[in-house]
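# Commentary on secondary and tertiary structure
Given next are the chains, with one letter for each unit.
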Amino acid sequence: MNRPRRHALSIAAGLLLLAGLIGLTAALPPARGAWLAWLLFTPLFVFTVTFGFPLGGGSVNLMPMIAAGGLLVMGPAAAAWMAYAGSLTQMLVRWRFAEPLGARRAPGGLRPVAGLGMANATIISLSLLGAAWVYQAAGGLLPLTAFGPAEFAPCLLLVLAFSALNYLLAGGYFALLHPAGPRALRTYARALPEVAAYEVGPQIFTPLLPLIYNQLGPGIFVLFAGLLVVASLAARSLSLTSQRLKQRLAELDTLGTMGQALAGSLKLDDLLATLRAELPRVVPADGLFVALYDREQDEVSFPLTVEAGRLLQTASRRAGHGLTEYVLRTRQPLLIDGNLPEQLKALGVAPIGRPAYSWIGVPLLAGNEALGVLAVQSFQPDGERFTSAHRDLLATIGPQLAVALSNAHLYTQTDQALAQRVQQLSSILQTTGEGILLLNAHSQVLTANRALASFLGLAVAELVDRRLADDAELRARLGLREDDFERDAALLRQGQDLVRRTHSVPGPPERPVEHTLAAVRNADGQTVGWLIVLRDLTEERALTHLRDDLTHMLIHDLRSPLGSMQTGLALILQILRPGQPAEPDVFELLRMAQSSGQHMLRLINQLLEIARLESGAMPLNCQPAAPADLIAATAERLRPVAESVAIHLLVEAPPGLPRLAVDVELIGRVLDNLADNALKFSPDGGQVRLWTRGDDHAGRVVFGITDTGPGIAAADQAKLFQKFQRVPGVRGRRGGSGLGLAFCKLVIEAHRGQLTVESQPGQGATFAFSLPLPEAA
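Here's what I pulled together on the structure shown here. Within every chain, residues take consecutive numbers counted from 1 along the sequence as written. Restriction of local features to residues with pLDDT of at least 70 applies here, the model being predicted, together with a cutoff of 80 or more for giving and counting side-chain atom pairs; totals for whole chains, interfaces and linings are based on all residues. Where side-chain values are given, they derive from all heavy atoms of the structure, hydrogens and water being excluded.

### Some details on the overall build of the protein
By definition, any uninterrupted DSSP run of H or I lasting at least four residues is a helix, any uninterrupted run of E lasting at least two residues is a strand, and each is numbered from the N terminus. A tally of regular secondary structure across the protein gives 23 helices and 20 strands. With a 1.4 Å probe rolled over the protein chains alone, any residue whose accessible area is under 20% of its type maximum counts as buried; one over 50% counts as exposed, and the rest are partly exposed. Residues counted as buried form 41% of the 777 residues belonging to the protein. The long-range fraction of contacts in the protein, counting pairs at least 24 apart against all pairs at least 6 apart in sequence, stands at 64%. Two residues form a contact once any of their heavy atoms are found within 4.5 Å.

As structure tokens, this is what we get:
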């Protein structure tokens, strides 16, 4: 039912009652003195109704006692006129003086006021007439001039009948004519026990009013009425104070609950559900919404819209010039109560969405950024009207909600980024060819990739939760002995970055693997897990063997024809002796061919030796040798070369060094290569020092060659001992094959020694190697 129709029905009921009162007055005219009582009781009636306090959707006051007392003094007709006129007067007073009385003026002019006034007049007047009939039917006397046992029952029935009829008729009004309908009826029904306790209780003093008026006279009654006025004002003040205190306590409790819920939730849906459940407890409203502003898209979205308790889906829209955008721009709370079109026009705001009669919006600010707006609205002209207290309350909730929304947004971004990162890592984990096994700190399997499961012949689900330290079968499948994992883990706990080992994993077929163990550490450096990576070396080793076989085949195939070519050249030179007829440059060309062939043969022989050293197939002919004799022999062989470029060759060998068991030819070639390189890169007039010394602590003898050449950068030193490697940008007197240092390193390692280099650019270089003493070897 729409508002005009409700008001029309209320006015029609009041007019019908007016006609009935006129007929009743004509049929049962009041006594002559009743009109004086009417003049005294009616202002008191108006006062008590006006200065009640709101409860349960209506007003609670001393009106029932005054109305019943007036009935016992004036009779039914005059009492009904009192209720009728007093109700209309009270409504006009509350409409005209709404703000001083702490009420709100109903919009729409006098028509809704007249409708509500007529409804109240009808309810109270009919209740009085019905109670009067019950009173008289019970034998009650009118007017009541004395009170004894015989009058007790009729007076009690009068009170009960008036209260029952008044509450029933009021409930009917809430159900049929109130804008909120059944919701208003439920609210009224919940408050009815408290209303009845407040209104019915004082009615035990109802007989006192006619007794004072009839026995003590109107003057004393006026004094008594003054006391009632003071008592009514005091009760109203206490009630309003109590109500405000309860409201404030409820607000604080809700704010605390809401603050905890908002602070403890990181999901947008949970935040909005909390707001929807808790906000109506402190700000009753027909609707509420949360609007979020997307600055990049210049759009406003509505993740939460509630109207009449129902959750609605509201589409996003481009930012315009509505109230929401106004609050976003000003970043200040906004309260609009009544006369919405004029206020929108004054603010320069366009009407968007359903028009509201009362509206509050507060900005959701996170630092300097406006995230959106929280708004509540009332759509009914006689519904909830918002005040500055509501605005301040929303302004308190707004920052908490803004911080929670900002945290939720960050959580969502982090969660999405983490999910994306997990997806990327999962893709990498599942597509990599290496087998990966992740364990927790107690060696329990957390996850594994498909490559490892396939490698071990197990499903991933069969691996999860197994504990490596206690699982002999799992260790066997990984090719680990009982104490291998604990020993490697101990090395990592001591600070080592990785532990890498090569072993075989049982088949079929048996496969060689590279097993790498790494510690998983948290931000504090504590070990929280272990990562095992298995790399199948089967294919790599097969390729290495194929390459070596191919290299050996090529070298052998080249060596034989080169040998034949060298033999043929030597025979030609013997046949064409000097002095015999020949072309002038024949001998020179033959010697160049023979020299080049010898160089190629040496290169091939060196490659063969390197290959044999790498495979461990080259036997060592170890013999006792003095360190001083080894470096002296090298110095003797290279002295002519040194003198030809004015390089001073020094030999330093302290006496008494222990003899070594070495392959003299190979060690001699190592010293020759190192010394020849030193001479090749040292400038004319420079110095090359060949030295040796003992290292008793390590049980070794150290050999070294130090030059005064250009030096070697640290970045190039690691590559020096690889095949076919040269230092870029450094040129010597002669070129080289790039195999000499690789050959030297393999020879020294075959003797269980170590070859190193120490150098800085511009300060020369020192190549040193250590060989173990016979006892240590």
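### What to know about the sheet that holds strand β12 (residues 511-521)
Spatially, β10-β9-β13-β12-β11 is the arrangement adopted by the 5 strands of the open sheet, whose pairing is antiparallel. The outermost strands of the open sheet, each flanked by one partner alone, are β10 (445-448) and β11 (498-505). Sheet twist, expressed as the mean angle between neighbouring strand axes with direction ignored, is 20 degrees. Alignment of β11 against β12, held across 8 bridges, turns out to be antiparallel. Pairing of Arg-500 across the sheet is with Thr-516, part of β12. Whether two strands pair comes down to DSSP finding at least two bridges between them. Interaxial angles span 0 to 180 degrees and are taken between N-to-C directions of axes, which are lines fitted to C-alpha atoms, for helices over the stretch in contact.

### Brief notes about a nonpolar patch on the surface
Think of a patch as exposed residues, more than 30% relative accessible area, with no salt bridge, where like charges cluster within 9 Å and nonpolar side chains (Val, Leu, Ile, Met, Phe, Trp, Tyr) cluster within 5 Å. The method behind every accessible area is Shrake-Rupley, applied with a 1.4 Å probe, and residues are considered shielded solely by the protein chains displayed. Note on definitions: salt bridges are taken to be side-chain nitrogens of Lys or Arg within 4 Å of carboxyl oxygens of Asp or Glu. A cluster of nonpolar side chains, namely Phe-147, Phe-152, Leu-156 and Leu-160, defines an oily patch on the protein surface of about 380 Å² accessible area. Here Leu-160 lies in helix α6 (residues 149-176).

### Concerning the sheet that holds strand β3 (residues 287-294)
Reading across the sheet, the 6 strands line up as β5-β4-β3-β8-β7-β6 and stay open at both edges, with antiparallel pairing between neighbours. Bordering the open sheet on either side are β5 (310-318) and β6 (334-337), each of which pairs with just one other strand. Averaged over neighbouring strand pairs, the angle between their axes works out to 15 degrees when direction is ignored. Pairing geometry for β3 and strand β8 (residues 369-378), over 6 bridges, is antiparallel. Paired with Leu-292 across the strands is Gly-372, a residue of β8.

### Focus: the nonpolar core
To qualify as a nonpolar core, a set must consist of buried Ala, Val, Leu, Ile, Met, Phe, Trp, Tyr and Cys residues joined through side-chain atoms within 4.5 Å. In terms of nonpolar packing, the biggest core is built from 46 residues, with Leu-674, Phe-703, Phe-767 and Phe-769 touching the most fellow members. Sorting elements by how many residues they give to this core places helix α21 (residues 664-681) first, with 8 residues. When sequence neighbours within four positions are dropped, the list of residues in contact with Phe-769 reads Val-670, Leu-671, Leu-674, Val-701, Val-702, Phe-703, Ile-748, Gln-754 and Leu-755.

### Let's talk about helix α3 (residues 63-74)
A helix is expected to span 1.5 Å for every residue after the first. Along its 12 residues, α3 runs 16 Å from first to last C-alpha, staying within 8% of the 16 Å computed at 1.5 Å per residue. Counting buried positions along α3 yields 12 of 12 residues, so the element is predominantly enclosed. Following α3 by one or two positions, Gly-75 has its phi on the positive side, about 95 degrees.

### Remarks on unusual backbone geometry
Peptide bonds are mostly trans, and most non-glycine residues show a negative phi. Backbone torsion omega between Leu-142 and Pro-143 reads -10 degrees, so that peptide bond is classified as cis. The phi angle at Asp-465 is positive, at roughly 80 degrees, despite the residue not being glycine. With respect to the helices and strands, Asp-465 occurs in the loop between α15 (460-463) and α16 (472-478). A relative accessible area of 54% places Asp-465 in the exposed class.

### Re the pairing of strand β19 (residues 754-759)
Walk down a regular strand and you will see the side chains alternate between the two sheet faces. The side-chain alternation of β19 yields one buried face, formed by Leu-755, Val-757 and Ser-759, and one unburied face, formed by Gln-754, Thr-756 and Glu-758. Looking at chain direction, β19 and strand β20 (residues 765-772) are connected through 6 bridges and run antiparallel. The residue bridging Val-757 from the neighbouring strand is Phe-767, located in β20. If you look at the hairpin formed by β19 and β20, you'll find 5 residues sitting between the two strands, and Gly-762 has a positive phi there, around 85 degrees.

### Looking at the environment of Phe-455
By the element assignment, Phe-455 lies in helix α14 (residues 450-456). Among the residues examined, Phe-455 registers a relative accessible area of 12% and is labelled buried. Setting aside residues up to four positions removed in sequence, Phe-455 forms contacts with Val-505, Arg-511, Val-513, Leu-534 and Asp-536.

### A look at the packing of α6 against helix α7 (residues 182-200)
Relative to each other, α6 and α7 sit at 160 degrees, their axes nearing to 10 Å. By the angle between their axes, α6 is roughly antiparallel relative to α7. The handedness of the crossing between α6 and α7 comes out as right-handed. Across the interface between the two elements, Val-159, Ser-163, Tyr-167, Ala-170, Gly-171, Phe-174 and Ala-175 from α6 touch Ala-184, Leu-185, Tyr-188, Leu-192, Val-195, Ala-196, Glu-199 and Val-200 from α7. Of the residues belonging to the contact of α6 with α7, the class tally is 12 nonpolar, 2 polar and 1 charged. Small angles under 35 degrees read as roughly parallel and large ones over 145 as roughly antiparallel, with 65 to 115 read as roughly perpendicular and the rest as oblique. By convention, the crossing between two helices is left-handed when the near helix turns anticlockwise from the far helix through less than a right angle, and right-handed when the turn is clockwise. All residues other than Ala, Val, Leu, Ile, Met, Phe, Trp, Tyr, Cys, Pro, Asp, Glu, Lys and Arg, Gly among them, are scored as polar; the first ten of these are nonpolar and the last four charged.

### So, the packing of aromatic side chains
Between the rings of Phe, Tyr and Trp (Trp by its six-membered ring), a pair exists once the centres lie within 6.5 Å; its type follows the angle of the planes, with under 30 degrees stacked, over 60 edge-to-face, and the other angles tilted. This model, assessed by the stated rule, comprises 10 aromatic pairs. Note on Phe-41 and Phe-221: the rings are 4.7 Å apart at their centroids and 35 degrees apart in plane angle, and the pair reads as tilted. Placement of the pair is Phe-41 in helix α2 (residues 34-50) and Phe-221 in helix α9 (residues 218-263), with a sequence separation of 180 residues. Here Phe-41 matches Phe-221 in class, with each residue buried. Cluster of aromatic residues (ring-pair linked, three or more members): Phe-41, Tyr-213 and Phe-221.

### Comments concerning the pairing of β10
Of the strand pairs in this sheet, strand β9 (residues 435-440) and β10 are connected by 3 bridges, and their pairing is antiparallel. Each residue of the ladder has a partner; that of Leu-439, found in β10, is Val-445. Between β9 and the antiparallel strand that follows it, β10, lie 4 residues; Ser-443 among them carries a positive phi value of about 65 degrees.

### A short note on the packing of α21 against helix α23 (residues 740-750)
At their nearest, the axes of α21 and α23 sit 10 Å apart, and the two run at 145 degrees to each other. By crossing handedness, the relation of α21 to α23 is classed as left-handed. Taken together, the residues of α23 that come into contact with α21 (itself represented by Leu-666, Ile-667, Arg-669, Val-670, Asn-673, Leu-674 and Asn-677) are Gly-740, Leu-741, Phe-743, Cys-744, Val-747 and Ile-748. Split by residue class, the contact of α21 with α23 holds 9 nonpolar, 3 polar and 1 charged.

### Topic: the pattern of salt bridges
Considering all chains together, one arrives at 17 salt bridges under this definition. Where Arg-467 meets Asp-470, a salt bridge forms, and the shortest distance between an N and an O atom there is 2.4 Å. By relative accessible area, Arg-467 is classed as partly exposed at 35%. For Asp-484, the salt bridge is made with Arg-481, and the minimal N-O distance between the two is 3.4 Å. Taken together, the shared-partner salt bridges connect Arg-466, Asp-471, Glu-473 and Arg-477 into one network.

### So, the environment of Lys-680
On the secondary structure map, Lys-680 appears in helix α21. Exposure remark for Lys-680: the relative accessible area of 9% places this residue in the buried category.

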